[in-house]
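Chain residues, written in single-letter form:
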Protein chains: 2
Amino acid sequence: MNRPSDTQERILNSARELIYASSYADVGVASICEHAGVKKGSFYHFFPSKSDLTRAVLETYFIDIKERIIGQALMDDLPPLQQLQNITQIVYEFQKQTKEQTGQILGCPLGNLATELSTTDEPIRNKIANIFQRLQESFQLLLEKAHERGDITDINTEATAAAMLAYFEGVIMMAKTRNDAEVVKQLLPAMVNIRITQ
Amino acid sequence: MNRPSDTQERILNSARELIYASSYADVGVASICEHAGVKKGSFYHFFPSKSDLTRAVLETYFIDIKERIIGQALMDDLPPLQQLQNITQIVYEFQKQTKEQTGQILGCPLGNLATELSTTDEPIRNKIANIFQRLQESFQLLLEKAHERGDITDINTEATAAAMLAYFEGVIMMAKTRNDAEVVKQLLPAMVNIRITQ
DNA sequence: GATTGACTTGACCGACCGGTCTACTATAAT
DNA sequence: ATTATAGTAGACCGGTCGGTCAAGTCAATC
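Computed from a prediction, not measured in an experiment: that's the story for all the values here.

Colleague: I'm lost on the overall build of chain A in this one. Help?
Modeller: Regarding its fold elements, chain A presents 9 helices and 0 strands. Listed N to C, the secondary structure of chain A is α-α-α-α-α-α-α-α-α in terms of helices and strands. Along the three orthogonal principal directions, the C-alpha set of chain A runs to about 60 × 40 × 35 Å. Expressed as a percentage of the 198 residues in chain A, the buried residues total 54%. Sequence-distant contacts, at least 24 apart, represent 65% of the contacts inside chain A between residues at least 6 apart. Summing over all exposed atoms, chain A offers an accessible surface of approximately 9,200 Å²; the carbon and sulfur share of this is 47%. Taken together, the 20 basic and 25 acidic charged side chains of chain A have centroids lying 5 Å from each other.

Here you go:
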């Protein structure tokens with residue numbers, strides 16, 4: 001009774017791209033369907049609302065960041081602080097690449113939606129808060145490893161991880177606003193020097 | 001031949017409040033007019049478009065930040081790094097206050113619009129980039145004073161000011177996403193320890 | 001007191017919004 | 001072969017969007 005279909009994925013990918021390239025409000029359901037090659041009826045067969053779809057899209061953003069940025073940075077068998085440094089380099093290259101391809105710095109898909117929707121769509125705000133938490137924990141894990149190795153001392157790893165994530169998002173916001181990837185190159189490496197003591 | 005009128009200011013103040021409380025896309029021209037007690041015709045007499053109005057609103061956001069936050073922090077005759085520290089404290093109290101009054105952390109009005117519109121409205125992106133530049137210069141001035149006093153050495157004041165502003169925006173974004181002012185209290189003071197060396 | 005022009009009024013526009021609905025198709029289970 | 005159902009198609013809905021416009025009001029100028 002179930003026909004296999006890639007429609008759901010097509011919708012997700014379409015929304016992923018369009019929302020990242022502009023904003024939640026600026027991308028209509030009709031555009032998402034058109035870009036996916038799908039009719040509106042199918043859209044609402046798979047997703048009860050645009051907000052629901054966006055929460056699903058957010059999860060794919062997280063998976064991408066986790067795999068393509070953090071996972072990539074951890075592949076080299078380096079000290080944890082070096083791996084953190086890797087992250088900043090990978091992000092720079094990614095932002096630079098999208099700038100070359102689209103002419104624009106698109107920023108962070110999570111931060112973009114966080115600032116746009118946190119006050120008007122509670123389920124989305126909550127979803128993003130949850131994702132930020134998981135990213136923070138990835139940072140924290142690296143900090144704890146560095147602590148065990150004796151690379152850092154007297155540090156509040158949880159608060160420092162949160163501070164690093166905040167700096168990360170802030171730098172990317174500035175790069176997007178100036179539409180200049182070099183902002184990332186100049187500022188983001190300093191992320192690994194942030195410390196919040198106990 | 002010119003009748004004095006507070007209509008323009010009423011529109012500006014209305015838009016200021018409504019856009020800060022939600023977002024650019026979520027606030028219609030009709031809502032702005034209604035909240036200002038003004039008819040649509042008057043709106044388009046004073047402002048050629050919603051985008052133009054928003055650029056004027058952005059300038060008022062800057063003036064407010066400059067006067068009510070930076071100006072306030074500089075009133076006490078303290079060492080420059082202490083004055084920077086003051087800024088973080090004032091911002092915490094402000095965010096905490098809006099949370100108490102509205103139940104929500106509204107974040108930074110500049111950062112909010114920066115992430116929402118930088119890729120879709122070039123004049124607005126440019127306006128925000130300009131404002132960020134001026135804020136960065138305020139930070140830089142304090143860093144240079146600190147340098148002259150010998151409080152800090154071997155520092156790239158321009159890059160460090162940019163990094164501090166980025167961290168500032170990032171922390172406020174996280175507070176908004178978590179809808180928790182305590183994030184600001186815990187993370188923002190570390191802003192003054194950020195250094196980017198030459 | 002006639003003229004000028006800044007300002008106000010509110011009806012109106014086409015386009016688009018998110019979402020609904022009914023009819024239809026295709027396939028898998030019986 | 002019949003039935004059940006997941007998925008597709010696309011017309012349609014009321015409401016809202018940013019923006020326009022013609023008509024009018026009012027005060028300052030001459």
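Having seen the structure, we can now continue with the description.
Colleague: Just to check I follow, could you spell out the interface of chain A and chain B for this structure?
Modeller: At the junction of the two partners, chain A supplies 43 residues and chain B supplies 43 residues. Around 3,400 Å² of area is buried between chain A and chain B when both sides are counted, 65% of it from carbon and sulfur atoms. In this structure, the connection of chain A to chain B is made through 0 salt bridges. At the junction of chain A and chain B, the tally comes to 13 residue pairs in polar contact (both at pLDDT 80 or more). Those elements that place two or more of their residues in the side of chain A that touches chain B are helix 6 (109-117), helix 7 (122-148), helix 8 (157-178) and helix 9 (182-187) of chain A. Residue composition of the side of chain A that touches chain B, grouped by class: 21 nonpolar, 16 polar and 6 charged.

Colleague: I keep staring at the pattern of salt bridges and nothing clicks. Help me out?
Modeller: Between side chains of opposite charge, a pair can form when the charged atoms approach closely. Applying the stated rule across the entire model yields 16 salt bridges over all chains. Residues aspartate 52 of chain A and arginine 55 of chain A are paired through a salt bridge, measuring 3.3 Å at the closest nitrogen-oxygen approach. Note that aspartate 52 of chain A and arginine 55 of chain A are positioned in helix 4 (residues 50-75) at a spacing of 3 residues, about one turn of the helix. Classification of aspartate 52 of chain A as partly exposed rests on a relative accessible area of 28%. The shortest N-O distance in the salt bridge between glutamate 122 of chain B and arginine 125 of chain B comes to 2.7 Å. Pair noted here: glutamate 122 of chain B and arginine 125 of chain B are both in helix 7 (residues 122-148), with a separation of 3 residues, about one helical turn.

Colleague: I would appreciate a short explanation of the environment of threonine 153 of chain A in the present structure.
Modeller: Tracing the sequence through the fold places threonine 153 of chain A in the loop between helix 7 and helix 8. Sequence spacing of threonine 153 of chain A and threonine 197 of chain A is 44 residues, and the spatial spacing of their C-alpha atoms is 8.6 Å.

Colleague: What is the right way to read the packing of aromatic side chains from this model?
Modeller: Geometry of an aromatic ring pair is reported as the spacing of the ring centres plus the angle between the planes. Residues and elements named next belong to chain A. For the structure shown, the criterion picks out 8 aromatic pairs over all chains. Measuring from centroid to centroid gives 5.9 Å for phenylalanine 43 and phenylalanine 47, while their planes differ by 50 degrees, and the two rings are tilted. On the basis of relative accessibility, which here comes to 0%, the residue phenylalanine 43 falls in the buried class. Aromatic ring contacts, followed pair by pair, group Phe43, Tyr44 and Phe47 into a single cluster. Against the face of tyrosine 24 rests lysine 50, its NZ or CZ located 4.2 Å from the ring centre.

Colleague: Would you mind showing me how to read the environment of aspartate 76 of chain B here?
Modeller: Within the secondary structure layout, aspartate 76 of chain B lies in the loop between helix 4 (50-75) and helix 5 (80-102). Its relative accessible area of 43% is what places aspartate 76 of chain B among the partly exposed residues.

Colleague: I keep staring at the relation of the copies chain A and chain B and nothing clicks. Help me out?
Modeller: Between the two chain copies there is a screw-like relation: a rotation about an axis and a shift along it. With an RMSD of 0.0 Å, the operation that places chain A on chain B is a rotation of 180 degrees combined with a shift of 0.0 Å along the axis. What the superposition gives is, in effect, a two-fold axis relating one chain to the other. Relative to the rotation axis, the C-alpha of glycine 170 of chain A is the closest in chain A, positioned 1.9 Å from it. Looking at the interface residues of chain A, 100% of them are also at the interface in chain B, so both copies use one shared face.

Colleague: Teacher, can you tell me more about the domain arrangement of chain A here?
Modeller: Interfaces are often sized by the amount of accessible area the parts lose when they come together. Residue and element names in this part refer to chain A. Its domain assignment divides chain A into domain 1 (1-47) and domain 2 (56-193). Centre-to-centre separation of domain 1 and domain 2, based on C-alpha positions: 27 Å. Tallying the contact residues gives 10 residues for domain 1 and 17 residues for domain 2. Three residues, Arg16, Tyr20 and Tyr24, lead the burial of domain 1 against domain 2; their summed loss comes to 65% of the area buried on that side. Where domain 1 meets domain 2, there are 1 salt bridge.

Rules and cut-offs
Counting restarts for each chain: residues are numbered from 1 in the order of the written sequence. Whichever chain is written first is A, and whichever ligand is written first is 1; the rest continue in order. It should be noted that, the model being predicted, local features are given only for residues of pLDDT at least 70 and side-chain atom pairs only at 80 or more, the latter also being counted only at that level, while totals for whole chains, interfaces and linings use all residues. Hydrogens are left out, water is left out, and the side-chain values use all remaining heavy atoms of the structure. In this description a helix means any DSSP run of H or I spanning at least four residues, a strand means any run of E spanning at least two, and both kinds are numbered starting from the N terminus. Residue exposure (1.4 Å probe, protein chains only): buried if accessible area is under 20% of the type maximum, exposed if over 50%, otherwise partly exposed. The contact criterion used is simple: two residues touch if any of their non-hydrogen atoms lie within 4.5 Å. Using the Shrake-Rupley algorithm and a 1.4 Å probe, accessible areas are obtained, with residue cover drawn only from the displayed protein chains. Counted charges follow a simple rule, with Lys and Arg positive, Asp and Glu negative, and His plus the chain ends left uncounted. By convention, charge coordinates are those of NZ in Lys, CZ in Arg, CG in Asp, or CD in Glu. Accessible surface is computed with a 1.4 Å probe, and the buried area is the amount of it that two parts give up when combined, taken over both parts together. Take a side-chain nitrogen of Lys or Arg and a carboxyl oxygen of Asp or Glu: if they are within 4 Å of each other, that pair is a salt bridge. By the criterion applied in these results, polar contacts are pairs of N or O atoms within 3.5 Å in which, for protein atoms, one can donate a hydrogen and the other can accept it, and in which residues neighboring in sequence qualify only through two side-chain atoms. Gly is put with the polar residues, along with every residue not named as nonpolar or charged; the nonpolar set is Ala, Val, Leu, Ile, Met, Phe, Trp, Tyr, Cys and Pro, and the charged set is Asp, Glu, Lys and Arg. When two rings of Phe, Tyr or Trp (its six-membered ring) have centres within 6.5 Å they constitute a pair, described as stacked for plane angles under 30 degrees, edge-to-face for angles over 60, and tilted for the intermediate range. Any Lys NZ or Arg CZ that is within 6 Å of a ring centre and within 35 degrees of that ring's normal is treated as a charge sitting over the ring. We place the copies in one frame by least squares, fitting the C-alpha atoms of every residue whose pLDDT is at least 70 in both. Residue ranges labeled as domains rest on an automatic or database domain assignment.

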